[in-house]
Amino acid sequence: MKKDIKSYTKKELEEEIRSLGDKAFRAGQIYQWLHVKLAESFEEMTNLSKGLWERLEAEYRIMALKPVQVQVSKLDGTSKYLFELYDGNVIESVLMKYHHGNSVCISSQVGCRMGCRFCASTLDGLERCLAPSEMLEQIYQIQKLSGERVSNIVVMGTGEPMDNYDNLVKFVRMISDENGLNISQRNITVSTCGLVPNMRRLAEEGLQITLALSLHAPNDELRRTLMPVANSYSIDEVLAACQYFFEKTGRRITFEYSLVRGVNDSEAAAEELAGRIRHMNCHVNLIPVNPIKERDFKESQKKEILNFKNRLEKYGINVTIRREMGRDIDGACGQLRKSYREKQKEKEGEECGHTE
Ligand code: SAH
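## Quick notes on the overall build of the chain
Tallying secondary structure elements over the chain gives eleven helices and 14 strands in all. Expected size for 356 residues packed as a compact globule is a radius of gyration near 21 Å; at 22 Å, the chain falls within 12% of this value. In terms of its C-alpha atoms, the chain occupies a principal-axis envelope of roughly 70 × 60 × 40 Å. Residues classed as buried in the chain amount to 54% of the 356 residues present. Considering only residue pairs separated by 6 or more positions, the chain has 67% of its internal contacts joining residues 24 or more positions apart.

## Here we look at the packing of helix H5 (residues 165-175) against helix H6 (residues 196-203)
Interaxial distance between H5 and H6 falls to 11 Å at its minimum, and their mutual angle equals 30°. If you check the angle between H5 and H6, you find them roughly parallel. Crossing hand, H5 versus H6: right-handed. On H6, the residues that touch Tyr-165, Asp-166 and Val-169 of H5 are Asn-198, Arg-201 and Leu-202.

## Brief notes about the site of the ligand
In the vicinity of the ligand, 17 residues are found, and the nearest of them are Ser-191, Ser-214, His-216, Ser-258 and Asn-290. Taking Thr-192, its main chain carries an N or O atom lying 3.4 Å from an oxygen atom of the ligand. One of the backbone nitrogen or oxygen atoms of Cys-193 is found 3.5 Å away from an oxygen atom of the ligand. Coverage of the ligand by the protein chains reaches 95% of its 530 Å² of free accessible surface. Where the shell around the ligand is concerned, the elements lending two or more residues are strand S10 (188-192) and strand S12 (253-259). Here the residues of the shell around the ligand are counted per class, giving seven nonpolar, eight polar and two charged.

## Here's the deal with the packing of aromatic side chains
Aromatic rings in a pair are described by how distant their centres are and how their planes are angled relative to each other. Within the structure shown, the criterion is met by three aromatic pairs. Each ring, one from Tyr-8 and one from Tyr-60, has its centre 6.4 Å from the other, and the planes form 75°; the classification is edge-to-face. A residue pair is termed long-range when its members are at least 10 positions apart, and Tyr-8 in the loop between strand S1 (3-4) and helix H1 (10-19) and Tyr-60 in strand S2 (residues 60-61) qualify at 52 residues. Of the residues examined, Tyr-8 reaches a relative accessible area of 14% and is grouped as buried. Residues Tyr-81 and Phe-83 carry aromatic rings whose centres are separated by 5.8 Å and whose planes lie at 5° to one another, so their mutual orientation is stacked. Grouping residues by exposure puts Tyr-81 and Phe-83 together as buried. The positively charged end of Lys-37 is found above the aromatic ring belonging to Trp-33, 3.9 Å away from the centroid. Positioned over the ring face of Tyr-86 is Arg-61, at 4.5 Å from the centre of the ring.

## Some remarks on the side chain of His-35
Positionally, His-35 belongs in helix H2 (residues 24-35). Side chain to side chain, His-35 and Tyr-140 meet in a polar contact 2.7 Å long. Those residues in contact with His-35 that lie beyond four places of it in its chain are Lys-6, Tyr-8, Leu-136, Tyr-140, Met-174, Gly-180 and Leu-181.

## Some details on helix H9 (residues 267-277)
When we look at burial in H9, the residues that qualify are Ala-269, Ala-270, Leu-273, Ala-274 and Ile-277. Down the axis of H9, the buried side of the element spans an arc of 135°, and every buried residue falls inside it. Check the buried side of H9 and you find it contacts helix H8 (235-249), S12, strand S13 (282-288) and helix H10 (302-314).

## Considering the pattern of salt bridges
Scanning the model with the defined rule gives 23 salt bridges in all. Here Lys-66 and Glu-84 are joined by a salt bridge, their closest N and O atoms 4.0 Å apart. Here Glu-84 lies in strand S4 (residues 79-84) and Lys-66 lies in strand S3 (residues 66-72), a separation of 18 residues in the sequence. By relative accessible area, Lys-66 is classed as partly exposed at 48%. For Glu-84, a relative accessible area of 24% corresponds to the partly exposed category. With a closest N to O distance of 3.4 Å, Glu-294 and Lys-293 form a salt bridge.

## Focus: the pairing of strand S5 (residues 90-98)
Each regular strand shows side chains that alternate between the opposite faces of the sheet. Counting buried residues in S5 gives seven out of nine residues, a clear majority hidden from the surface. Looking at chain direction, S4 and S5 are connected through six bridges and run antiparallel. Residue pairing in the sheet places Lys-80 in a bridge with Val-94 of S5. Between S4 and S5, which pair antiparallel one after the other, the connecting turn spans five residues, and Gly-88 there sits at a positive phi close to 90°. Two elements, S5 and strand S6 (residues 101-105), share five bridges in a ladder whose sense is antiparallel. Bridge assignment links Leu-95 to a residue of S6, and that residue is Val-104. What sits between S5 and S6 in their antiparallel hairpin is a turn of two residues.

## Points about the nonpolar core
Core analysis: the biggest nonpolar cluster contains 95 residues, and Ile-5, Ile-30, Leu-56, Ile-153, Phe-171, Ile-175 and Phe-255 have the highest contact counts within it. In contact with Leu-56, not counting residues within four places along its chain, are Ile-5, Ile-17, Leu-20, Ile-30, Phe-42 and Leu-48. Formed by five residues, the second largest nonpolar core is a distinct cluster that contains Val-94, Met-96, Cys-105 and Met-325.

About the criteria used
- Throughout this description, residue numbers start from 1 for each chain and increase along the sequence as written.
- Only residues with pLDDT of 70 or above have their local features reported here, since the model is predicted, and side-chain atom pairs are shown and tallied only from 80 upward, although totals for entire chains, interfaces and linings are computed over all residues.
- Heavy atoms throughout the structure, all of them, feed into the side-chain values; hydrogens and water do not.
- The secondary structure listing takes helices from DSSP runs of H or I that are at least 4 residues long and strands from runs of E that are at least 2 residues long, numbered from the N terminus.
- The globule rule used for comparison is 2.2 Å times the number of residues to the exponent 0.38, while the radius of gyration itself is calculated over C-alpha atoms.
- Burial classification: accessible surface area is computed with a 1.4 Å probe over protein chains only, and a residue below 20% of its type maximum counts as buried, one above 50% as exposed, and the rest as partly exposed.
- In what follows, a contact means two residues having at least one pair of non-hydrogen atoms within 4.5 Å.
- Convention adopted: a line fitted to C-alpha atoms gives each axis, helices being fitted over their contacting stretch, and angles between N-to-C directions are expressed from 0 to 180 degrees.
- For classification purposes, an angle smaller than 35 degrees is called roughly parallel, one larger than 145 roughly antiparallel, one from 65 to 115 roughly perpendicular, and anything else oblique.
- Should the near helix be turned anticlockwise from the far one by less than a right angle, the crossing is left-handed, and should it be turned clockwise, the crossing is right-handed.
- If a single non-hydrogen atom of a residue is within 4 Å of a molecule or strand, that residue counts as near it.
- Pairing of N or O atoms within 3.5 Å defines a polar contact, subject to two protein rules: one partner must be a possible hydrogen donor and the other a possible acceptor, and residues neighboring in sequence count only if both atoms are side-chain atoms.
- Using a 1.4 Å probe, the Shrake-Rupley method yields the accessible areas, and only the shown protein chains count as cover for residues.
- Following the grouping adopted for this structure description, the nonpolar residues are Ala, Val, Leu, Ile, Met, Phe, Trp, Tyr, Cys and Pro, the charged ones are Asp, Glu, Lys and Arg, and the polar ones are all others, Gly among them.
- Only the six-membered ring of Trp is used, alongside the rings of Phe and Tyr, when aromatic pairs are assigned; centres must lie within 6.5 Å, and planes under 30 degrees apart are stacked while those over 60 apart are edge-to-face, with the rest tilted.
- As a reminder, the over-ring test applies to NZ of lysine and CZ of arginine, requiring each to be within 6 Å of the ring centre and within 35 degrees of the ring normal.
- Here, the arc refers to the directions that run from the helix axis to the C-beta atoms.
- Whenever a carboxyl oxygen of Asp or Glu lies within 4 Å of a side-chain nitrogen of Lys or Arg, that contact is scored as a salt bridge.
- Two strands are counted as paired when DSSP detects at least two bridges linking them.
- Nonpolar core, defined: a set of buried Ala, Val, Leu, Ile, Met, Phe, Trp, Tyr and Cys residues in which side-chain atoms within 4.5 Å join the residues together.

So far we have only geometry, and geometry alone does not tell us how the molecule works.
Here it is in C-alpha cells:
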C-alpha cells in the first residue's frame, strides 16, 4: 500500500524527501500544500519538479475523507459530519459555533473498546485506530465545507485517545505546528476515560493541551457500574495521574461528569465528589446524560443538576453545565454513525432479498 504522506511531521517529510534524492526545502513546500493549502491531490502542487511529482504519485497517497452526510441544527447552527474513510468505515465529527470561536469535536478511533455503559460509540466495539492524517482531515474537511476557521479542538468524539496514543500525540503536534494550521495547543482538549499509564506519558510530552478526565462517579464502586475501565484503575490512581499532569504542564484539569437520573446525581454523590477533588486545580463540566435507545439511562432533572452544581460550588469548585448543542440532530455522540450504519445494513439486507 502507498505511504500516507499526510501523517508525516515536517521533519519526517524532510527525511522522506531527502531519501528520494531531493532537497529538504521541497518538503516544506509539500507540507504547506498538504497542511495549509489543504491540497487533496499531487496535481495541485504546481511548484514541484516533474521528477519528484512522479515519485510522489507512485509511492504516496493523500488521505482524504469523503463527506457522506451533513446535518445542520436549526437551533444553534451546530453541524454534524459523517465522513467515509478510504476503507469504507465511517466516522463522525461535529462543528460547534460559539461566541469565542469555532470548535470541532473529532473522533480518534473507529468505534471504541472501553465499553462505557451510557455511550453509543462503544456498542459495536473497536474497529481500528485513526491515523494522524485522518484526525487532521476531519478539521481540514470541516474548514473547507463550512468556510469557517476552526480555533478550538476537542478530542471527544468516538474513541479513546489514550488507546491510540502515538497517533494522537502526533496529531496534536501537527495541528499546532506553525507550518500547518497552527492551532494553539491551549485551545485543544483531549478527553480520556482514564488510562493511567498513558495519561502519565502524556504529561511528559511537553504539550500545553487541556486534559479532560471522564470521571462520572465519586467512588470506585459506582464508577465500575458505569465504566469497565474503573476495574483496571481506581479513582485514586486516576486522580494522581491528573495531579501529575497538572504538575508537569501547569494546565488545569477538567473533570467531566455525566449526570444520570437516580444513579450518580444525588447530593451525597456531589459531597463525596467534592471531598475528592476540592484540593485540586480543576474545573468540573456537568453533562446531563444524553439518552441512547440501547440503554435506559435518563438525564437528571433540572433541579438535580442545579443542586449538584451548587453543592460543588460550596466547596469553591469551578463548575459549568455543558450547554446542549445540536439536540435536534441525532443526540449523543456516536449516534449519527450508528443510525447510518443500521440504515446501510438494512439496505444490504434488502439487496440480498432478506425480508426481516
Ligand atoms: N473516550 C474519551 C472521549 C470520548 S467521549 C472519554 O471517555 O473521555 C467524550 C465524553 O462524553 C466522555 O466524558 C464520555 O463519558 C461522555 N459521553 C459519552 N456518551 C455520553 C452520553 N450518552 N451522554 C453524556 N455523556 C456521554
